Amino acid sequence: MIEVEVRGDVEHAIRILKKKLQLDGMKKELKRREFYEKPSAKRRRKTAESRRKLRKLMFRMERD
């Protein structure tokens with residue numbers, strides 16, 4: 001559960017909430033679940049995500 005404290009300005013609280021949702025990955029998840037995703041598309045997306053994570057990890061290891 002994500003909580004945001006409202007101190008007068010509601011627009012500011014909404015911006016903070018949106019930022020927290022984006023950092024948490026919730027916004028991306030909601031957008032992804034909006035429509036049905038075929039199993040083949042899901043596999044393709046997951047392999048692409050894993051390649052990106054691996055590439056990012058390899059880059060970090062090379063840099064250190």
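Rules used in this analysis
Residues numbered from 1 in each chain as written. Predicted model: local features only at pLDDT ≥ 70, side-chain atom pairs only at ≥ 80, totals over all residues. Heavy atoms only, no water. Helix = DSSP H or I, 4+ residues; strand = E, 2+ residues; numbered from the N terminus. Expected span 1.5 Å × (residues − 1). Salt bridge = Lys/Arg side-chain N within 4 Å of Asp/Glu carboxyl O. Buried < 20%, exposed > 50% of the residue type's maximum accessible area, 1.4 Å probe, protein only. Patch = residues over 30% accessible without salt bridge, like charges linked within 9 Å, V, L, I, M, F, W, Y side chains within 5 Å. Areas by Shrake-Rupley, 256 points an atom, 1.4 Å probe, with all protein chains shown as cover. Lys, Arg positive; Asp, Glu negative; His and termini not counted. Charge placed at Lys NZ, Arg CZ, Asp CG, Glu CD. pLDDT = per-residue confidence, 0-100. Contact = heavy atoms within 4.5 Å.

Caption draft 1: Geometry of helix H1 (residues 10–24). Over its 15 residues, H1 runs 21 Å from end to end, which matches the ideal 21 Å to within 8%, given 1.5 Å per residue. Looking at the residues trailing H1, positive phi occurs at Gly-25, about 90°.

Caption draft 2: Structural context of the pattern of salt bridges. Following the criterion strictly, the structure yields six salt bridges and no others. Arg-33 is the salt-bridge partner of Glu-29, the closest N and O atoms lying 2.5 Å from each other. With a relative accessible area of 26%, Glu-29 lands in the partly exposed category. We note a salt bridge from Arg-32 to Glu-37, for which the minimum N-O separation is 3.5 Å. With a relative accessible area of 30%, Arg-32 lands in the partly exposed category.

Caption draft 3: Just a positive patch on the surface, in detail. Residues Lys-28, Arg-51, Arg-52 and Arg-55 make up a contiguous surface patch of positive charge. Looking at the positive patch, the element that brings in the most residues is helix H3 (residues 39–63), giving three residues. With respect to the element layout, Arg-52 can be found in helix H3. The partly exposed category is assigned to Arg-52, whose relative accessible area is 49%.

Caption draft 4: Structural view of the confidence of the model for the chain. In this model, the chain carries an average pLDDT of 90, and 100% of its residues clear a pLDDT of 70 or more. When mean pLDDT is taken per element in the chain, H3 scores highest with 94 and helix H2 (residues 26–32) scores lowest with 88.

Caption draft 5: Representation of a nonpolar patch on the surface. On the surface, Leu-54, Leu-57, Met-58 and Met-61 cluster together into a nonpolar patch covering about 410 Å² of accessible area. Inspection of the secondary structure assignment puts Leu-57 in helix H3. Given a relative accessible area of 45%, Leu-57 falls into the partly exposed group.

Caption draft 6: Quick look at the side chain of Glu-37. The topology assignment puts Glu-37 in the loop between H2 and H3. When sequence neighbours within four positions are dropped, the list of residues in contact with Glu-37 reads Arg-32, Lys-42 and Arg-45.

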